Amino acid sequence: MDWDCMHSPGRFLFTAVHQGPYLSIQPLEDALGADRVLYLVEGVSKEARARKSLSYLDLDRVEREFGSLEGLLREMRVQAVIRSSSEDVQGRNPEDLAAAAATSANIPVFEVEDFPGNYWPGPGQRLDGLFVEDEFSAEYHRSRGVDPRVIHCTGNPRYDQLSRLDSAARR
């Protein structure tokens, strides 16, 4: 194990399976500090990180090296799980499993919804923040019973760079 990671401030565990959800949480890495972010990915997100030679963990590696997700959270001093909302995941879903492990360990869980309406609360999973694109999405989730105090209309980080694009100059 890397000595620095044992003595650094807490870390953030990012988790996604599909490409849209991955692209929705990935921009947050710079704001939190890339050296403090761990990725737990499967599927297309895992392939994208591997293709770019970026570090990641998958569920098999977590089990080999840490014994369980709870072991990872404890050993890497994870202070929050930041997940997205992949739908129809085949097999084990690291997003749901990480949220469940964080719930057991009393670690906050934050959801960045990649597409309006994609977030579905998992049974027994805590939710400390749900970040949605707009008020329409917020109202939708309130109507489904999500605590309004945890819903935040922030837009989608995936599209933030587009707001800085000078479309007139590009045309």
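Structural data are supplied above this passage.
Please read all numbers here as calculations on a predicted model, not as lab measurements. Per-chain numbering applies: the sequence of each chain, read as written, is numbered from 1 onward. The predicted nature of this model means local features are confined to residues of pLDDT at least 70 and side-chain atom pairs, given and counted, to a pLDDT of 80 or more, with totals for whole chains, interfaces and linings taken over all residues. The side-chain figures draw on all heavy atoms in the structure; neither hydrogens nor water molecules are used.

Enquirer: Outline the overall build of the chain, supporting the account with residue identities and numerical values.
Expert: In terms of regular secondary structure, the chain is built from 10 helices and 6 strands. The buried label applies to any residue whose accessible area, calculated with a 1.4 Å probe on protein chains only, is under 20% of its type's maximum; exposed applies above 50%, and partly exposed to all values in between. Counting across all 171 residues of the chain, residues that qualify as buried make up 44%. Considering only residue pairs separated by 6 or more positions, the chain has 57% of its internal contacts joining residues 24 or more positions apart. Using a 1.4 Å probe, accessible areas were evaluated by the Shrake-Rupley method; residue-level cover was limited to the displayed protein chains. When the accessible surface of the chain is summed, it comes to about 9,300 Å², and 50% of that surface belongs to carbon and sulfur atoms. A helix here means a DSSP run of H or I that spans at least four residues, while a strand means a run of E at least two residues long, and both kinds are numbered starting from the N terminus. Contacts were defined at the residue level, with two residues in contact if any of their heavy atoms lie within 4.5 Å.

Enquirer: With reference to specific residues and values, describe the environment of histidine 141.
Expert: In this fold, histidine 141 is placed in helix 8 (residues 135–143). In the structure, histidine 141 is positioned 23 residues away from asparagine 118 in sequence and 9.8 Å away in space, judged by C-alpha atoms. When sequence neighbours within four positions are dropped, the list of residues in contact with histidine 141 reads Glu113, Gly117, Tyr119, Leu130, Val132, Val146 and Ile151. Within the structure, the side chain of histidine 141 is placed 3.0 Å from the side chain of arginine 144, a separation counted as a polar contact. We call two N or O atoms a polar contact when they sit within 3.5 Å, provided that within protein one can donate a hydrogen and the other can accept it, with sequence-adjacent residues counted only if both atoms are side-chain atoms.

Enquirer: Residues and numbers for the sheet that holds strand 6 (residues 151–153), please.
Expert: A pair of strands is treated as paired once DSSP finds two or more bridges between them. If you trace the 6 strands from one edge of the open sheet to the other, you get 2-1-3-4-5-6, paired in parallel fashion. Since the sheet does not close on itself, it has two edges, and those belong to strand 2 (37–41) and strand 6, each with one partner. Going from strand to strand, the sheet's axes swing by 20° on average, the running direction of each strand aside. Here 5 bridges tie strand 1 (residues 11–16) to strand 3 (residues 78–83), and the two strands are oriented parallel to one another. Bridge pairing in strand 3 links phenylalanine 14 to isoleucine 82. Fitted lines through C-alpha atoms give the axes, limited to the stretch in contact for helices. The angle between two N-to-C directions lies from 0 to 180 degrees.

Enquirer: I'd like a rundown of the pattern of salt bridges, residues and numbers included.
Expert: Any Lys or Arg side-chain nitrogen located within 4 Å of an Asp or Glu carboxyl oxygen qualifies as a salt bridge. Overall, the coordinates contain 11 salt bridges when judged by the stated rule. Of the charged contacts in the structure, one is a salt bridge between arginine 126 and aspartate 128, with a shortest N-O distance of 2.7 Å. Glutamate 135 is the partner of arginine 142 in a salt bridge, and the nearest nitrogen-oxygen pair spans 2.1 Å. Residue arginine 142 is classed as partly exposed on the basis of its relative accessible area, which comes to 26%. In the salt-bridge network here, residues are joined through shared partners; they are Arg83, Glu95, Asp96 and Glu111.

Enquirer: Lay out the environment of alanine 80 in plain terms, naming residues and giving numbers.
Expert: Mapping alanine 80 onto the fold places it in strand 3. Put simply, alanine 80 and valine 109 are 29 residues apart on the chain and 5.8 Å apart in space, counted from C-alpha to C-alpha. Setting aside its immediate chain neighbours within four residues, alanine 80 contacts Arg11, Phe12, Leu13, Ile107, Pro108 and Phe110.

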